[in-house]
Amino acid sequence: MKRFDTIYALRHYLQTVRHSGRRIGFVPTMGALHEGHLTLIAAARQGDRLPHPTSGLSQVGGEPVVPDLVVCSIFVNPAQFNNPDDLARYPRTVDEDCRMLEAAGCDVVFTPSVDEIYPDQPTLRLHFGELETTMEGAFRPGHFNGVGIVVAKLFNMVQPDVAYFGQKDLQQVAVVRRLIRDLSFPIELIRCDTIREADGLAMSSRNRLLSPEERQQATTLYQALSLARDLMHEDRSPAQAKAAVIDLFAHRPAFRLEYVEVVNADSLHPVIEQQAPGQTAICLAAQLGKVRLIDNIVF
Ligand SMILES: Nc1ncnc2c1ncn2[C@@H]1O[C@H](COP(=O)(O)OP(=O)(O)OP(=O)(O)O)[C@@H](O)[C@H]1O
Ligand SMILES: CC(C)(CO)[C@@H](O)C(=O)[O-]
Ligand code: BAL
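Residues numbered from 1 in each chain as written. Chains lettered and ligands numbered in written order. Predicted model: local features only at pLDDT ≥ 70, side-chain atom pairs only at ≥ 80, totals over all residues. Heavy atoms only, no water.

Per an unreviewed UniProt entry, the chain goes by the name Pantothenate synthetase and belongs to Nibrella saemangeumensis. Turning to the chain, the UniProt annotation filed under Catalytic activity (unreviewed entry) states: "(R)-pantoate + beta-alanine + ATP = (R)-pantothenate + AMP + diphosphate + H(+)". What UniProt records for the chain under Sequence similarities (unreviewed entry) is the sentence "Belongs to the pantothenate synthetase family." (UniProt positions renumbered as here; feature names shortened; annotations may be inferred.)

Put into C-alpha cells, the structure is as follows:
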C-alpha cells in the first residue's frame, strides 16, 4: 500500500494510474477505523454492487463501474465540526488505521495535514437547501458546508470513478449525492449498509469514547429504531413510531434525545404514511455523556 501526505504526490501517482486506464474507487474517512470502514474498502475492492447504488452522473443507465485501485483518505476535517470539544476529542489512530487498510487490500492511503487541505480558510460556502435544515444540519450548524467543501476538494484531488459512503450517515449520503449532481462530478456514489456490533450498536469511531457503562447503554439507539420500525410494520403511523421512541428515551435519563424523524431515505422529506419497501428511514441522534451518537434504519 502506498501512503501519500501531499496533494502533489497523490495526484502524480493517480495520474499514472488513470493514464493506464485503471479506474479508481474512493473511500473518504476521518480515521479511527473499524469494521464499518473496512466494509467500504471491501465493497470497493470487490466492485460490490449489492449495497444500494445511488447513481451520480456518469452511470445513470450504464454498466456499473468496478474500480481497479482503491484509495482511502484519512482526514479529520475541522471545517465540519461545530463543536470544538468534539474535534479535540475525536480519536486519531493513523498508524493502526494504515495497518488495517493494508490488510484490507487498500492500495493507496492519503493522510494530508490540515495545512495541506486548507492553505487558506475557504471563502466558498455550500448550501444544500432542505437537505441541511433538518436532523444533522439543524443540530450541527455549518456541518454540511464543511462536509461538502472537503468532499469536493477530495474528489478533485483523487478524481475517483466510484465513491463509497456508509448508510450510518444517511443525510451525508443525500448531501454528497446532491454535491455530485450540482458540481457535475463524473462519480458514481455507492451507499453501503451500516455495520453493527453484535448487540446492534452501529459501529462508529466515537464509540471508543464511551465509558464501559455508556457502551452498554448505547444499545438503546438500535432498540429504539427497531421498536419504531416494528410499530410501522404493524401499520402504526410515523407519528406513533416517533412518539414511542421519544417515550423510550424519556425512560433512559442517561440520554438526551436530539431528534427522531421518519423520512424518505433518499429525499429526506418527512413521511406521513407507509412507503414502498426500502424507502423509509427512521433517523435519530442522541447525546450520551460527552458523546453524540447517530443511527438510522432503512426499511
Ligand atoms: N458502522 C458503519 N457501517 C458502514 N459504514 C460506516 C459505519 N460507520 C461509519 N461508516 C462510514 O465510513 C465513512 C467514514 O466515516 P467516519 O470516518 O466519520 O467514521 P464514523 O465511524 O462515522 O465516525 P463518527 O461517526 O464517530 O464520526 C462514512 O461514509 C461513514 O458513513
Ligand atoms: C465524508 C467525510 C470523510 C468528510 O470529512 C466524513 O464526513 C465522514 O467520515 O463521514
Ligand atoms: N461520519 C460523520 C462525520 C462527523 O460526525 O463529523
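Taken together, the residues surrounding ligand 3 are Met30, Gln80, Arg140, His143, Asp169 and Arg206. Side-chain polar atom of Asp169 to a nitrogen atom of ligand 3: 3.2 Å apart, as the coordinates give it. Within the side chain of Arg206, one N or O atom sits 2.9 Å away from an oxygen atom of ligand 3. When ligand 3 is considered free in solution it has 230 Å² of accessible area, and contact with the protein chains removes 85% of it. Within the shell around ligand 3, the residues separate by chemical class into one nonpolar, two polar and three charged. (Near = heavy atom within 4 Å. Polar contact = N/O pair within 3.5 Å; in protein donor to acceptor, adjacent residues only side chain to side chain. Areas by Shrake-Rupley, 256 points an atom, 1.4 Å probe, with all protein chains shown as cover. Nonpolar A, V, L, I, M, F, W, Y, C, P; charged D, E, K, R; others polar.)

Quick look at the domain arrangement of the chain now. Where interface size is given, it is often the accessible area lost as the parts come together that is meant. Partitioning the chain into structural domains gives domain 1 (2-192) and domain 2 (205-298). For domain 1 versus domain 2, the distance between C-alpha centres works out to 25 Å. Facing the 26 residues of domain 1 at the interface are 22 residues of domain 2. Between Arg292 and Glu136 there is a salt bridge, with its nearest N and O atoms 2.8 Å apart. (Domains from an automatic or database assignment. Contact = heavy atoms within 4.5 Å. Salt bridge = Lys/Arg side-chain N within 4 Å of Asp/Glu carboxyl O.)

In the numbering adopted here, UniProt assigns the feature "binding site: beta-alanine" (unreviewed entry) to Gln80. Gln80 sits in the buried class, given a relative accessible area of 8%. Those residues in contact with Gln80 that sit more than four places away from it in its chain are Met30, Arg140, His143, Gly146, Val147 and Val150. Within the structure, Gln80 has its side chain in polar contact with the side chain of Asn77 (distance 2.9 Å). (Buried < 20%, exposed > 50% of the residue type's maximum accessible area, 1.4 Å probe, protein only.)

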